[in-house]
Each structure stands twice: as C-alpha cells, then as structure tokens.
Amino acid sequence: MSFRIIGDSCLDLTDDLKQNPQYQMVPLTLQVDDHMVLDDENFDQLAFIRMVKASPNCIKTACPSPDAFKTAYTCEEDDVYVITLSSHLSGTYNSAVLGKELYEEEFGKGQKNILGIDSESESSGELN
C-alpha cells in the first residue's frame, strides 16, 4: 500500500519530514501590495519581512487553488491524505475538496483514495 500526505504550506513539517518524498506541500500565496509571493521552498523570509515593513498596507493571503491540489493528487500513490488549515481560518480545505472533484472528473472516481482532513487548527496543530 502506498500513500502520500499533502499539506498546505502552513503545515509545520520537521526537517526530516520535509526530506521524505511521501510528504508534499501545496503553497499558499502571500501578497504585499502588487507583489505575489509563494510560500514554498524558495520563500525568502528576510526579503518578505523587508517588503512588509516597506509597505503601508496590510498583507493578504490566498489559499492554494483547487487546480494546485488536483495537480498534487496526480501522483503515483494510491492513498492520498490532505491536511489543511482550519476551514474556519482559510478556504484551503474547500480548495482541497474541489481539487478532488476536479481530479475525479478528469481521471474517474475510484482511481485513488483521497481523504481531505480539516485540521481545525493551524501550523503545529496541523502536524499533530
């Protein structure tokens, strides 16, 4: 039995888990003025903080798109578990569910088992 665990970029993985190919992250987007920044492995925290300090506006965030989740589901593993930020805080869980529907429309139901899990939490709570 093969499985993959997919989380949004708020999932606070340990360094060991980040190296494990069974774990995958789907990044949220951060917006400062007209600059869009993906919260992925290339995220430069110091540059982001400088942008935030230089802006008179509040930052905005956006959940991953349903298509980003659909793409993540297109993997070799049979069982996919998706852990997201609390649905009370973000639209990420809804995007993950819609991504499953898009996947099933394209590849058919029953091709793989995809389970979306609303963590009802954030960051380290998602990991638990």
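Residues numbered from 1 in each chain as written. Predicted model: local features only at pLDDT ≥ 70, side-chain atom pairs only at ≥ 80, totals over all residues. Heavy atoms only, no water.

(A) Structural view of the sheet that holds strand 4 (residues 35-38). The strand order 4-3-5 describes an open sheet built from three strands, whose pairing is antiparallel. Each of the sheet's edge strands pairs with one partner strand only, and the pair in question is strand 4 and strand 5 (60-62). Adjacent strand axes in the sheet meet at a mean angle of 25°, parallel and antiparallel pairs treated alike. The sheet contact formed by strand 3 (residues 29-32) and strand 5 spans three bridges and is antiparallel. What sits directly across from Q31, in strand 5, is K60. On top of the sheet, helix 2 (residues 45-54) reaches strand 3 and strand 4; it is set at about 40° to strand 3, its chief contact. (Pairing = 2+ DSSP bridges. Helix = DSSP H or I, 4+ residues; strand = E, 2+ residues; numbered from the N terminus. Axes fitted to C-alpha atoms, helices over the stretch in contact; angles between N-to-C directions. Contact = heavy atoms within 4.5 Å.)

(B) Region of the structure containing the state of the cysteines. For the structure shown, the criterion picks out zero disulfides. With no disulfide of its own, C63 lies closest to C10 among cysteine sulfurs, the gap being 11 Å. Using a relative accessible area of 30% as the deciding quantity, one classes C63 as partly exposed. (Disulfide = S-S within 2.5 Å. Buried < 20%, exposed > 50% of the residue type's maximum accessible area, 1.4 Å probe, protein only.)

(C) Looking closely at the nonpolar core. If you look at the biggest cluster of nonpolar residues, it comprises 11 residues: I6, V26, F69, A72, Y73, C75, V80, V82, A96, Y103 and I114. Taken together, the elements giving at least two residues each to this core come down to helix 3 (66-73), strand 6 (79-84) and helix 4 (92-107). Residue contributions to this core peak at three residues, all from helix 3. (Core = buried A, V, L, I, M, F, W, Y, C linked by side-chain atoms within 4.5 Å.)

(D) Inspection of the pattern of salt bridges at higher detail. Under the counting rule described, the total for this entry stands at three salt bridges. Across the salt bridge formed by R4 and E77, the nearest N and O atoms sit 3.1 Å from each other. Here R4, found in strand 1 (residues 3-8), pairs with E77, found in the loop between helix 3 and strand 6; they are 73 residues apart in sequence, far enough to count as distant. Taking relative accessible area as the criterion, E77 reaches 13% and is therefore assigned buried. In this structure, the salt-bridge partner of E106 is K70, at a minimum N-O distance of 2.6 Å. On the criterion of sequence distance, the pair formed by E106 in helix 4 and K70 in helix 3 is long-range, its members being 36 residues apart. K70 gets classed as buried once you look at its relative accessible area, which sits at 16%. Connected via shared salt-bridge partners are D67, K70 and E106. (Salt bridge = Lys/Arg side-chain N within 4 Å of Asp/Glu carboxyl O.)

Structural measurements only, silent on function.
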